[in-house]
Amino acid sequence: MATIFIDNRAYSVKDGQSLLHACLSLGFDIPYFCWHPAMHSVGACRQCAVKQFRDEKDTKGRIVMSCMTPAEDGTRISIDDPEAKSFRADIIELLMTNHPHDCPVCDEGGECHLQDMTVMTGHTYREYRFKKRTYRNQDLGPFVNHEMNRCIQCYRCVRFYRDYAGGRDLGVFASHHHVYFGRQRDGFLQSPFSGNLVEVCPTGVFTDNTLKRHYTRKWDLQTAPSVCVHCSLGCNTIPGERYGTLRRIRNRYNSEVNGYFLCDRGRYGYEFVNSARRIRRPQIRFGESISRKGEVVRPETVLDHLSSILYFGAKVIGIGSPRASLESNFMLRSLVGEENFFSGMSSEENSMVTLMINVMKNGPARSPSLKEVASADAVFVLGEDVANTAPMLELALRQSVRQQPMEKVKGLGIPLWNDAGVREAIQDEKGPLFLALPAGSPLDDIASENFHGAPGDLARIGFAVAHKLKREAPDPPDLSHKENLFARAVAQALKEAKQPLVISGAGCANEEVIQAAANVAWALCRREQASYLCLVPSECNSVGLGLLGGREIGAAFRAVKKGKADTVIVIENDLYRRADNALVDNLFMHASKVIAIDHLENRTTEKADVTLPAATFAESDGTIINNEGRAQRFYQVFMPGGDVRESWQWLRDIMTATGQIRATGWRSIDDVVSKMTASLPYFSGIGEIAPTHRFRIKGQKIPRQPHRYSGRTSMHANVSVHEPEPPQDEDSPLSFSMEGYDGQPPSALIPRFWSPGWNSVQAVNKYQDETGGNLRGGDPGVRLVHPKETEDIPYFTKIPGAFQPSPDKWLLVPLHHIYGSEELSVLSPGIAGLAPPAYIGSRNDDASSLGVGEGMEVILGVHKESYLLPVRLMPELPPGVAGLPGGLREFAGLGLPLWGTLSKAGHEQG
């Protein structure tokens, strides 16, 4: 610890910080623009000036930039010195000379960092009387809007986009006060993290294009803490709603998970909540005495109808979902019984999730948070295209490759907060990152070495690396010279690392790949050194559903076909995405009744006998468990319209209607959690995630609406001139009102980051133990899965044989896409426009053998079905292996990988 003096008062601060960082952590207000807690200091804006003194006798002092000055022991500064204040006021006036007077029409208005800093420095009148510099704005695609005239040249955008996120299509052009931040030409930003420019930019240069389409002022957004549902990482978010429409998603800081950033799928995939395909009313599609086919009926009528179907002794099974909350899945399990509950995952996915959980629980390797991933100094990615299946992992890995070169920086005596100095010292040097994947990856540009192979060959590489690290691990036979060299290089890099990391997951749909990754991570575990093993399941609550249990979906199909079940209840799951179409059709043929509870129309709800409208994540409360085993709570942002209810509430009402429970005992989600933890002790930690719905601060709830929220008394004037009572929330300590406790709530309940004088996202500084550190009271979430310390490591021993190409068939492997492979986000217009059309990826010489080239069509034969697809040449694919875009509707139920035949269109197949 160091002792510094601020305006003649002593303060203790951590060693190795800049003065700006230290002062903000202590709660002082110093204006700044170019500095960012995740990207540190470059000294570009000169706005954070303070006066520094040599000692207590020095009365003159000198102006220094606090972001570029170390907070060393004995440092003496003044923030309130008149000369320092005057300097800061002059700087802001210079920065504002070319800034337009367009606050009333600027999308950033109301949460603009520039507005906050201008007010903080006292610059309230403009004296500049000349023509302002003007630019032509660019079309940057569906996510980010561009307005360059508002730029103050802080350089944050290019520092994040290029230096931090690795993007290459946004740059800085020209010089002096004509500097231009944009692309060489119009076109959508290629980086999957481009949306962070909206929050990184301190002005309105980069704003949210999706919000612009249904714009509302930021102070009129009703918000609540939430969790992203578009992959398994569990990034924390703040959704915002107005007039029953979800308007945007913003990042919610969690230092252990997503920190300050989100990927574009997580930020812009929200518009499925507003989709025209939303189910708003219950429907009974058969039973003319109840309603005509497709007719909308009242919830009470549907529940009466269901009570006649689900009579005592009825053979009922339930099919859960990895995109539904833990509470909803548990309620379904309670309704049908443990033995009649099925996970809703395919056989392959169910096996992989079960395997991942067993690996995390029974092995010594720790499952890392994203923060820990970023701190790893050697990484081996085995079979998982993380850039497309879990994009924030890519962002973390781009920071991890800087860790090993940082040792050189420390030797040079450059403080790590001096970003310009650090990058100058490191140049293009990168730490070890090895990729073993079926095809190319967006991470190829920072990879030390790549290996491409069929899933079985990737597993063999993993087993070989483990054996080279620990002789007790099994050794795969007959490796090629190339495979041996790659395995040796990986093993050497991991062995020399201080914090080695192995990443794998469900991307290849191959259990042996996961087993091989586990062997590598376990082989690295020694008494003096731990290792990280990051496993990536497919969906947001795959781990939660795996912990809850339940057989795979194929067992449900067999139970119905054999007559062991006649009624099926499906929650938030399109069965046609989980299994072959013929198998699902067979289920509908043999089941007497299928009851679907979902929020979007899909092929399953179209065929269901009864459809109940479910709430989305933005309209419900619940718990999901991310890939590392961290349970996190998301909260309802707004009350849904129509007859929409949360899935667990529909199931509770069904259980009440059939006499299984009394509704009074399951009134709130806390009651469900209490029942769940009582019957399933390994979920006991879920009760600690967040305060119960009875929690109050000074007798008050936490308001979802900011204190500036406007128009409340006129929002429903078209219905009644009387202001309606706000909805009552029985599931959380949050209120649907602006009234309530206006201080800082516990971290799990923070609905927005705001502090007096800090209206922008930079207000998060006021909620942290120290700037860039944990939220006060700890970051949200509780880890439920922990590694097992053991000397007797249970290595996997089943090693697959080497892949042998077939002369007349191709092995079809899934190729994932950040835009298009995920079921919900693809319903957002911006993301749908970037999703790839159906195609087949082929190695160049394999395509040549069929007589086809780029863009030409082939006929794919699989499962007695034929697909006419254009060819996309992918030279990195292994011989005999072809790729299909995973998750696309056309291929969702195929169960890749599998074998298929290819022939040139217009010729006989085979």
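Our structure's up above, just so we're on the same page.
Residues numbered from 1 in each chain as written. Predicted model: local features only at pLDDT ≥ 70, side-chain atom pairs only at ≥ 80, totals over all residues. Heavy atoms only, no water.

Peer 1: Go over the overall build of the chain with me, naming the residues and quoting the values.
Peer 2: Per the secondary structure count, the chain includes 26 helices and 35 strands. For 910 residues, the compact-globule estimate of 2.2 N^0.38 gives 29 Å, and the chain sits close to it at 29 Å. Projected onto its principal axes, the C-alpha positions of the chain cover 90 × 80 × 60 Å. Residues classed as buried in the chain amount to 63% of the 910 residues present. (Helix = DSSP H or I, 4+ residues; strand = E, 2+ residues; numbered from the N terminus. Rg over C-alpha atoms; globule rule 2.2 N^0.38 Å. Buried < 20%, exposed > 50% of the residue type's maximum accessible area, 1.4 Å probe, protein only.)

Peer 1: Describe in detail helix α24 (residues 669–679), supporting the description with residues and values.
Peer 2: When we look at burial in α24, the residues that qualify are I669, D670, D671, V672, V673 and M676. Residues of α24 that are buried make contact with α9 (326–336), β25 (622–625), β26 (630–634) and α23 (647–657). (Contact = heavy atoms within 4.5 Å.)

Peer 1: How would you sum up the nonpolar core? Please name residues and give values.
Peer 2: If you look at the biggest cluster of nonpolar residues, it comprises 230 residues, and the most contacted ones within it are F380, L393, V465, I503 and F683. In terms of residue count, helix α18 (residues 511–524) provides more of this core than any other element does, ten residues in total. The contacts of F380, once residues within four sequence positions are left out, are F434, A436, I461, G462, V465, F486, V490, L494, L501, V502, I503 and V520. (Core = buried A, V, L, I, M, F, W, Y, C linked by side-chain atoms within 4.5 Å.)

Peer 1: Kindly report on the packing of α9 against α23, identifying the contributing residues and their values.
Peer 2: At a minimum axis separation of 8 Å, α9 and α23 run at an interaxial angle of 20 degrees. Between α9 and α23, the angle is such that the two are roughly parallel. Judged by the twist between their axes, the crossing of α9 over α23 is left-handed. Counting all contacts with α9, which are made through E327, S328, M331, L332, S334 and L335, the residues of α23 involved are S647, W648, L651, R652, I654 and M655. Here the contact of α9 with α23 is composed, by residue class, of seven nonpolar, three polar and two charged. (Axes fitted to C-alpha atoms, helices over the stretch in contact; angles between N-to-C directions. Parallel < 35°, antiparallel > 145°, perpendicular 65-115°, else oblique. Left-handed = near helix turned anticlockwise from the far one by under 90°. Nonpolar A, V, L, I, M, F, W, Y, C, P; charged D, E, K, R; others polar.)

Peer 1: Can you tell me about the layout of surface pockets, naming the residues and giving the values?
Peer 2: A probe matching the size of a water molecule, rolled over the atoms, marks out where space remains unfilled. Space inside the largest pocket adds up to approximately 1,400 Å³. In this structure, the largest pocket is lined by 44 residues; those nearest its centre are A38, H40, K371, A374 and Q403. Secondary structure elements with two or more residues in the lining of the largest pocket: α4 (156–164), α11 (370–375), α13 (391–400), α14 (403–412) and α15 (419–426). Per element, the largest residue contribution to the lining of the largest pocket is five residues, and it comes from α14. Within the lining of the largest pocket, the residues separate by chemical class into 17 nonpolar, 15 polar and twelve charged. Considering only enclosed or pocket space, the second largest pocket measures out at about 960 Å³ in volume. Around the second largest pocket sit 43 residues that line it, and S346, E349, S538, R577 and A892 are the ones nearest its centre. Those elements that place two or more of their residues in the lining of the second largest pocket are α10 (347–362), α12 (386–389) and α20 (553–561). (1 Å grid on protein atoms, 1.4 Å probe; cavity = no way out; pocket = protein on both sides within 12 Å on 5 of 7 lines; lining within 4 Å. Points joined across faces, edges and corners; volume = space filled by probe spheres on them.)

Peer 1: Just give me the short version of α4, but keep the residues and values in it.
Peer 2: Side chains that are three or four residues apart share a direction in an α-helix, a result of its 3.6 residues per turn. Among the nine residues in α4, seven count as buried, and that is most of the element. Those residues of α4 lying buried are R156, C157, V158, R159, F160, Y161 and Y164. In this structure, the buried side of α4 is in contact with β7 (171–173), β8 (180–182), α5 (196–200), β9 (206–208), α13 and α15. Following α4 by one or two positions, G166 adopts a phi angle in the positive range, close to 80 degrees.

Peer 1: Break down the environment of D116 for me, with residues and values.
Peer 2: With respect to the helices and strands, the residue D116 is situated in helix α3 (residues 113–121). Measuring from C-alpha to C-alpha, the distance between D116 and D729 comes to 34 Å, with 613 residues separating the pair along the chain. Beyond its immediate stretch of four places on either side in the chain, D116 contacts G757, W758, N759 and S760. Looking at D116, its side chain comes within polar contact range of the main-chain nitrogen of S760, at 3.1 Å. (Polar contact = N/O pair within 3.5 Å; in protein donor to acceptor, adjacent residues only side chain to side chain.)

Peer 1: A description of the pattern of salt bridges should follow, citing residues and the corresponding values.
Peer 2: Under the criterion given, the structure shown has 41 salt bridges. Of the charged contacts in the structure, one is a salt bridge between R150 and D102, with a shortest N-O distance of 2.8 Å. Of this pair, R150 sits in the loop between β6 (144–146) and α4 while D102 is found in the loop between α2 (82–95) and α3, placing the two residues 48 residues apart along the sequence. One salt bridge in this structure joins K218 and E111, with 3.3 Å as the shortest N-O distance. One end of the pair, K218, is in the loop between α6 (209–213) and β10 (222–223); the other, E111, is in the loop between α2 and α3, and 107 residues separate them in sequence. (Salt bridge = Lys/Arg side-chain N within 4 Å of Asp/Glu carboxyl O.)

Peer 1: Just give me the short version of the sheet that holds strand β21 (residues 532–536), but keep the residues and values in it.
Peer 2: Reading across from one edge, β19-β18-β17-β20-β21 is the order of the five strands in this open sheet, with parallel pairing throughout. Strands at the two margins of the open sheet, each flanked by one partner only, are β19 (449–452) and β21. With strand direction ignored, the average angle separating the axes of adjacent strands in the sheet is 10 degrees. With four bridges joining them, strand β18 (residues 433–437) and β19 adopt parallel strand pairing. Looking across to β19, one finds that A436 is bridged to F451. Of the strands in this sheet, β20 (500–505) and β21 touch α10, which is tilted by about 160 degrees from β21. Along the sheet, α18 makes contact with β17 (378–382), β20 and β21, crossing β20 at roughly 165 degrees. (Pairing = 2+ DSSP bridges.)

Peer 1: Would you mind going over the pairing of β25 in detail, with residue names and values included?
Peer 2: Both faces of β25 are covered, namely the face carrying G622 and I624 and the face carrying T623 and I625. Where β25 meets β26, four bridges bridge the pair, whose relative direction is antiparallel. Each bridged residue has a counterpart across the sheet, and for I624 the counterpart in β26 is Q632. Counting the residues that bridge the hairpin from β25 to β26 gives four residues, and of these G629 lies at a positive phi of roughly 90 degrees.

Peer 1: Quick rundown of unusual backbone geometry? Include the residues and the values.
Peer 2: In this structure, the amide linkage connecting L896 to the following residue, P897, adopts the cis form with an omega of 0 degrees. Relative to the assigned elements, P897 resides in the loop between β34 (881–885) and β35 (898–904). The phi dihedral of H176 falls on the positive side, at around 55 degrees, and the residue is not glycine. Tracing the sequence through the fold places H176 in the loop between β7 and β8. Assessed through its relative accessible area of 67%, H176 is described here as exposed. The phi torsion at Y243 lies on the positive side, around 55 degrees, for a residue other than glycine.

Peer 1: Could you give an account of the sheet that holds strand β30 (residues 810–815), naming the residues involved and the relevant values?
Peer 2: In space, the six strands of this closed barrel follow the order β30-β34-β31-β33-β32-β35, with mixed pairing throughout. For this sheet, the mean angle separating the axes of adjacent strands, direction not counted, is 45 degrees. By the bridge criterion, six bridges tie strand β32 (residues 857–862) to strand β33 (residues 865–873) in an arrangement that is antiparallel. Directly across from E857, in β33, lies its bridge partner P870.

Peer 1: An account of the state of the cysteines is requested, with residue identities and associated values reported.
Peer 2: Inspection of the entire model under this criterion finds zero disulfides. Here C112 stays free of any disulfide, with the sulfur of C106 as its closest cysteine sulfur at 6.2 Å. Judged by relative accessible area, C112 falls into the buried class, the value being 6%. Cysteine C228 shares no disulfide, and the gap to the nearest cysteine sulfur, in C231, comes to 6.0 Å. (Disulfide = S-S within 2.5 Å.)

Peer 1: Any details on the packing of α9 against α24? Residues and values, ideally.
Peer 2: Interhelical geometry of α9 versus α24 gives an angle of 65 degrees and a closest axis separation of 10 Å. The two elements α9 and α24 meet at a crossing, and its hand is left-handed. From α9, L326, E327, F330 and M331 reach across to α24, where they touch I669, V672, V673, K675, M676 and S679.

Peer 1: Mind laying out the environment of T69, listing which residues take part and the relevant values?
Peer 2: With respect to the helices and strands, the residue T69 is situated in the loop between β4 (62–65) and β5 (76–78). The sequence separation of T69 and Y11 amounts to 58 residues, and the corresponding C-alpha distance is 16 Å. Residues within four places of T69 in sequence aside, it is in contact with S18, L19, Q52, V64 and W417.

Peer 1: Just give me the short version of the packing of aromatic side chains, but keep the residues and values in it.
Peer 2: Per the stated rule, a full pass over the model turns up 23 aromatic pairs. When the ring of F451 is compared with that of F486, the centres are 5.6 Å apart and the planes differ by 35 degrees; the resulting orientation is tilted. A residue pair is termed long-range when its members are at least 10 positions apart, and F451 in strand β19 and F486 in helix α17 (residues 481–496) qualify at 35 residues. By relative accessible area, F451 is classed as buried at 4%. (Phe/Tyr/Trp six-rings, centres within 6.5 Å; stacked < 30°, edge-to-face > 60°.)

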